[in-house]
Amino acid sequence: MPYRPPLVAHEYFVADPPELPVRTRGEGGLSAVTAAEPVAADGGEVLLKAVTTAEETLVVQVGVAGEGVIRVRLSEDATARPRSAAAISLVTPAGRRESASPRGFSAAVAGTAPGEPIVIDAGSLRAEITLAPWHLRFTDARGATLVEQDRGHTDISGRLRTLPFGRSSAAGVTVAYHESFAAAPDEAFAGFGESCTRLDKRGQRPVMWNYDAFGAESQRAYKNVPLYVSSRGYGVLVDSGAPTEFDVCQSTHSTVQIVVPDDVMDYYVIAGPGPAEILDRYDLLTCRPALPPKWAFGTWISSGFCVDSQERVLARARTIRARGVPCDVLHLDTYWQSAGHWSDLSWDPVNFPDPEGMLAELAGMGFKVCLWMNPYVSHLSPAFTAAAEAGYFLKNEEGETYVADCWHGSFPACGIVDFTNPAAVEWFQDLLRGLLRQGVAAFKTDFAEGVPSDAVAANGMAGTDLHNVYTLLFNDAVAAVTREVNGHDLVWARSSFLGGQRHSAQWSGDTYTSYAAMGSTLRGGLAHGLSGVPFWSHDAGGFTGRPTDDLYVRWTQFGALSPLLRLHGTTTREPWEFPAVEEMAVQALKLRYRLMPYLYSAAVEAARTGAPMLRALCVDHPDDPVAWQADLQYLLGRDLLVAPMTAPEGVRRVYLPRGEWADYWTGEVLAGPRYVEVAKPLDQIPLFVRCGALIPVTPAGHQTDTVDVPAEITLVAFGGGDGTVEIHDADGVTVAVASRDGDVLRVAVTGPKRVTGVEIAPTAGAPARAVIS
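Throughout this document, residue positions are counted from 1 along each chain, in the order its sequence is written. At least 70 in pLDDT is required for a residue's local features to be given in this predicted model, at least 80 for side-chain atom pairs to be given and counted, and no such filter applies to totals for whole chains, interfaces and linings, which use all residues. Side-chain numbers here rest on the full set of heavy atoms in the structure, without hydrogens or water.

1. A word on the overall build of the chain
For the chain, the count of helices and strands is 12 helices and 42 strands. The globule rule used here is 2.2 Å times the number of residues to the 0.38 power, and the radius of gyration it is set against is calculated over C-alpha atoms. In summary, the chain has a C-alpha radius of gyration of 27 Å against a globular reference of 28 Å for 773 residues, a match within 12%. Dimensions of the chain along its principal axes, counting C-alpha atoms only, are 75 × 75 × 50 Å. Think of it in three bands: residues with accessible area under 20% of the maximum for their type are buried, residues over 50% are exposed, and the middle band is partly exposed, with areas taken using a 1.4 Å probe on protein chains only. A burial count over the chain gives 61% of its 773 residues as buried. Sequence-distant contacts in the chain: of pairs separated by 6 or more residues, those separated by 24 or more amount to 68%. Areas reported as accessible are Shrake-Rupley estimates using a 1.4 Å probe. Residue values count occlusion only from the protein chains shown. Per element, the accessible surface of the chain, about 27,200 Å² overall, is 52% carbon and sulfur. When charges are counted, Lys and Arg are positive and Asp and Glu negative, with His and the chain ends excluded. We put the charge of a Lys on NZ, of an Arg on CZ, of an Asp on CG and of a Glu on CD. With 63 positive and 90 negative side-chain charges, the chain shows a spacing of 4 Å between the two charge centroids. Secondary structure counts use DSSP, requiring at least four H or I residues in a row for a helix and at least two E residues in a row for a strand, with both numbered from the N terminus. Contacts are assigned to residue pairs with any non-hydrogen atoms lying within 4.5 Å of each other.

Next comes the structure, spelled out in C-alpha cells:
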C-alpha cells in the first residue's frame, strides 16, 4: 500500500484495508470474461451468460439506469448485492427497479445479426456489447467513443499486466471483481472524494478507505467517494462500500483499473458532456445535496481545541459583538464535555454549570451554537458500562466490547457506537435530543473513520464491510434527530462516503498551519466538489499549531470566499488574538457578508443541480485542458474567480479561462485564456469577476439576516454589458436583467426584492450610469 512511508510512525487503530493476495509464478485464480450470450432482455436491460478463462459461468447485466446512465453488473448470482447493503443502500435512484429499466430506452437484442453488437440506448449514452470476443464500448448519441474496456496488456513473456473484466480467486475463494478501461494519453480524471493531491488523478492510485488523514496533504482521505469524472465527457460510479482501488494510469499509462473486493462488480457509466451534467445525473442515482440553513453561511468562530468554560464562551461572544466581527455561529469543541469522558455527550458540570442559561444568553445576542462530538465513548465515562452491557458498541471477534485506541494514545480508549443496532441509535439520538432541546443548533460530527477491520457489528457485518459506510449511518442518525427538533438536518462532518452530500456541511479535517497545507486543502475541496459534495469548508488558519500573521490573513481570505467558513485550530483563531492583522482578517469576513446574496444564491443552485459552489475550472470550461490542471484556484459560483495566495511572497500565477475578467480591486480587465502574474498586498486576495456579471450585494452586517430577509439589495455591474442574475432567498426568486443602451445600463427587475441601486464597477468601457426599471 502507498500509505505507509518507511521509517515514519503510523497509526494502528485505523489501519490500511486488508491487502489482496499477490499471485506467485504460475498461480491461477484469474477468471476473465471471454464471451457471452444473451439470456433475456427487458426494456432497456439485457441479461447475459458469460464464460471465462477459468471456464466459469458468470452473469453480466447491462441496462439503462436513467437518461444518460448505463449500469453494468458482473456476479456469480444475478441477485448479488454489495456487502455494504446489509447496512445501507448507497445507490437508490427514485423509481429504479432491479429487474427493469426506465421507459423510453431500449436494448436491441432480438433480431441482432450474428456478429453485430447488442446496443443499449440511454439517450445521450449508448453501450455496444460485442459477444465474442467479449468487449464493451460506451459512446455518445452520435456513436463517438467515450470510453471502452481495455483490450488487455501482456508483456514479452506473455504475462497479463492489466486486470480484465472478470474476477480473481485465491485458495478457491473469490477475493475481488475487476474492470479496466482504456485511457486516452491526454485524458484527465478528477473526483474520488476529498483527496488532497493534484486534482488530475492520472498517475495516482486512490483507495476507497476512510482514514484519519492526519492533515490534508496526501491521498489519505477522510472522505472517499468511488466516483470520477473524465475530461472525455463521462463519469464512472462504483456501487460498493468495499475498499475499492482505482489504479488511474499508474501501473499502466493507458489504463484505468478498478478492483472491487466485494461480492459483485456494480458500476455506472454516466454521460456528460461536462462535470456539471455528470454530477446532476449522479444525484439522481443517489440524492440531491441538502441545503444548509442560511445562518450556516455566516462566520463560525470556534473555541479551539483547548480547555473552555461557560464564562469564556460568553466573554468570547461579547467580544465578537463589541469589536464588530461578523459572526453567526459559536462552535464549542471537545471541552464542553468532561476531559477523559469524550464523547458521552454530557456537559462538564464544573466548567459549564448552567448550559441552558448560557445558550439562552447567546441566542439573545444572535448566535447559534454548535457542539463537537464523535461516535466514540471513553471507557472512563460513567455512561460506558451501561451502554456496553446493553450492546450499544461494536464488538471484537470474541464477542466482547471493542475498546479501541481511537485517539492514538492521546486520550482514553473508547467503545464505538454500533449504528447497525436500532436500540443503540435510539439511545444515542436521545442523548442528542436533550442537547438540542436546550438550545443547541447543530453538531460537529467528528471522526467516524475508525471502524477496525476485525470489528463485528450487531447485524453481523464485518468491520471491513462496515468501515466506509459507518460514517453515513452516524451522520444519518445525527441529522435525523436535528431535523426532528430544529427543523434542519445540518451536520458539520469530517468523514463521508458515497451519497454523503445529504449531510450538508463537510470540512477538510485537521490541516497543518502552512501555506503548502492551505494549497493541498484547496485541492481536496475541488476534488470533493467534483465528487458531488457542494457545501465544504476547512479550518481557516489551519488546525495544528499557530499560524503566522500573514498566513492567518491569507487563510481567512480563502475561508471567507469558500462555501462555508469556520475559524478553528488547536490554538485560538479569534481575530483579536492577531492584533497586527485583525483589521485585515475582519475585512475579509465583511466582504463575505457583503456578498451574502450572491453566495446564498449560488448555494441554492448547487443544492438544485449538484454542481459545486467551489468549482474547479473544468466545471465551467470542460473543453479547456488547462482547466483540469489549474488546481490552486476556483470559481465561487459562476462569476467570481478566486486564487488564494498560497505563498508568503504575495505573488502568484493565475489562469484566466476563456472570456474577459475584471480585477475586483482595480477594475483592470484581462482577457483569457492565459496565465497572468498577480501581486496583491496582504489585505487583498486575488479575485476576478466575469465581465458582464451582475453581483448582488448587501451592506455587511454582523449576521446573515436569518430572521429579517433583506427586502433591498444592490447590484454591482462588472464590464457594463448584457447580463442576468437570479437572486434566491426565503422570500423567493428575484431576477435582474441588464442590457446596454449606449452609455446607459438598463436593469429590469422582477421578483420580491427591490434593487435600490446599481453600482458600476470602474472597468474600461463601463457605462456612465444605470437605470432600474
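Back to the text.
2. Some words on unusual backbone geometry
Cis geometry is adopted by the peptide bond preceding Pro-273, which originates at Gly-272 and carries an omega value of 20°. Relative to the helices and strands, Pro-273 is located in the loop between strand E17 (265-271) and helix H1 (275-285). In the segment running from Trp-342 into Ser-343, the intervening peptide bond is cis, with an omega of 0°. Among the secondary structure elements, Ser-343 is positioned in the loop between strand E19 (329-332) and helix H3 (355-364).

3. Let's talk about the sheet that holds strand E40 (residues 744-750)
Ordered in space as E38-E39-E40-E42, the four strands form an open sheet in which the pairing is mixed. The sheet terminates laterally at strand E38 (723-729) and strand E42 (769-772), the two strands that pair on one side only. Each strand axis lies, on average, 20° off the axis of its neighbour in the sheet, ignoring direction. Here, strands pair whenever DSSP counts at least two bridges between them. Here E38 runs beside strand E39 (residues 732-741); their pairing, made up of seven bridges, is antiparallel. Within E39, the residue paired with Glu-726 across the bridge is Val-735. Fitting a line to C-alpha atoms yields each axis, with helices limited to the stretch in contact; the angle taken between N-to-C directions then spans 0 to 180 degrees.

4. A closer look at the nonpolar core
Of all hydrophobic cores here, the largest spans 191 residues; its most connected members are Phe-138, Tyr-267, Trp-347 and Phe-428. If near-sequence neighbours (up to four positions away) are discounted, Phe-428 is found in contact with Leu-345, Met-373, Asn-374, Pro-375, Val-417, Phe-419, Phe-474 and Val-478. If you look at the next biggest cluster of nonpolar residues, it comprises 22 residues, including Leu-490, Tyr-600, Ala-602 and Ala-606. Nonpolar cores were defined as sets of buried Ala, Val, Leu, Ile, Met, Phe, Trp, Tyr and Cys residues, with membership established by side-chain atoms within 4.5 Å.

5. Structural notes on the side chain of Asp-266
Among the structural elements, Asp-266 can be located in strand E17. Given the relative accessible area of 1%, Asp-266 is considered buried. In this structure, Asp-266 is in contact with Arg-71, Val-72, Arg-73, Leu-237, Val-238 and Asp-239, ignoring residues within four places of it in sequence.

6. Some details on the pattern of salt bridges
Salt bridges, as used here, are contacts in which a Lys or Arg side-chain nitrogen is within 4 Å of a carboxyl oxygen on Asp or Glu. Enumeration according to the criterion identifies 45 salt bridges in this entry. We note a salt bridge from Asp-266 to Arg-73, for which the minimum N-O separation is 3.1 Å. Remark: Arg-73 occurs in strand E4 (residues 69-75) and Asp-266 occurs in strand E17; sequence separation between them is 193 residues. The exposure class of Arg-73 is buried, given its relative accessible area of 4%.

7. Re helix H11 (residues 596-609)
To estimate how far a helix should reach, multiply one less than its number of residues by 1.5 Å. Its 14 residues give H11 an end-to-end C-alpha distance of 20 Å, which sits within 8% of 20 Å, the value for a rise of 1.5 Å per residue. Buried residues dominate H11, accounting for 12 of its 14 residues. All of the buried residues along H11 are Met-596, Pro-597, Tyr-598, Leu-599, Tyr-600, Ser-601, Ala-602, Ala-603, Val-604, Glu-605, Ala-606 and Ala-607. A positive phi of about 90° marks Gly-610, the residue just after H11.

8. What about the packing of helix H9 (residues 549-560) against helix H10 (residues 582-594)?
How two helices pack is summed up by the angle between their axes together with the distance between the axes. Between H9 and H10, whose axes approach to 9 Å, the crossing angle comes to 5°. Considering their axes alone, H9 and H10 lie roughly parallel with respect to each other. For the pair H9 and H10, contact is made by Tyr-552, Val-553, Thr-556, Gln-557, Gly-559 and Ala-560 and by Met-584, Ala-585, Ala-588, Leu-589 and Arg-592, respectively. Three classes are used, and their members are as follows: Ala, Val, Leu, Ile, Met, Phe, Trp, Tyr, Cys and Pro are nonpolar, Asp, Glu, Lys and Arg are charged, and the others, Gly among them, are polar. Looking at side-chain class alone, the contact of H9 with H10 contains seven nonpolar, three polar and one charged residues. For classification purposes, an angle smaller than 35 degrees is called roughly parallel, one larger than 145 roughly antiparallel, one from 65 to 115 roughly perpendicular, and anything else oblique.

9. Description of helix H5 (residues 422-438)
Relative to the 24 Å expected for 17 residues at 1.5 Å per residue, H5 spans 25 Å between its end C-alpha atoms, a close match to the ideal helical length. For H5, the elements touching its buried residues are strand E20 (368-373), strand E21 (376-378), helix H4 (384-389), strand E24 (442-445) and helix H7 (470-486). At the N-terminal boundary of H5, the capping side chain belongs to Asn-421, with an oxygen 3.0 Å from the backbone nitrogen of Ala-423. Looking one or two residues beyond H5, the residue adopting positive phi is Gly-439, at roughly 125°. Throughout this description, a polar contact denotes any pair of N or O atoms lying within 3.5 Å of each other; where both atoms belong to protein, one of them has to be capable of donating a hydrogen while the other can accept it, and for residues adjacent in sequence the pair is counted only when both atoms sit in side chains.

10. Regarding the confidence of the model for the chain
Values of pLDDT, the confidence the predictor places in each residue, fall between 0 and 100. Mean pLDDT over the chain stands at 94; residues scoring 70 or higher make up 95%. Here strand E5 (residues 106-108) stands out as the element of the chain with the lowest mean pLDDT, 59, in contrast to strand E32 (residues 640-642), whose mean of 99 is the highest. In the model, residues 94-101 has pLDDT below 50 throughout and makes 16 contacts with residues more than four positions away in sequence or in other chains.

11. Notes on the sheet that holds strand E10 (residues 166-170)
Here 12 strands make up an open sheet; going across it, the order is E12-E13-E14-E17-E4-E3-E2-E1-E10-E11-E16-E15 and the pairing antiparallel. With partners counted over all chains shown, the strands left at the sheet margins are strand E12 (189-193) and strand E15 (245-248), one partner each. Strand-to-strand twist in this sheet, taken as the mean axis angle between neighbours without regard to direction, amounts to 25°. Alignment of E12 against strand E13 (residues 224-230), held across four bridges, turns out to be antiparallel. Counted as the bridge partner of Phe-189 is Ser-230 from E13.

12. Topic: the pairing of strand E14 (residues 234-238)
Along E14, five of the five residues are buried, which leaves the element largely enclosed by surrounding structure. A two-sided burial pattern is seen for E14, the buried positions comprising Tyr-234, Val-236 and Val-238 on one face and Gly-235 and Leu-237 on the other. Pairing analysis gives three bridges linking E13 to E14, with the strands arranged antiparallel. For Val-229, the partnering residue across the bridge sits in E14 and is Gly-235. Taking the residues that link successive antiparallel strands as the turn, the E13-E14 hairpin has three residues, and the phi of Gly-233 there is positive, at about 95°. Two strands pair when backbone bridges link them, and E14 and E17 are joined in this way by five bridges, in the antiparallel orientation. When the bridges of E17 are listed, Leu-237 appears paired with Tyr-268.

13. Side note on the pairing of strand E37 (residues 712-717)
The buried fraction of E37 amounts to five of the six residues, a majority that puts the element mostly inside the structure. With four bridges joining them, strand E36 (residues 694-697) and E37 adopt antiparallel strand pairing. Each residue of the ladder has a partner; that of Leu-694, found in E37, is Ala-717. For E37 and strand E41 (residues 754-760), the ladder comprises six bridges, and the chain directions are parallel. When the bridges of E41 are listed, Ala-717 appears paired with Ile-760.

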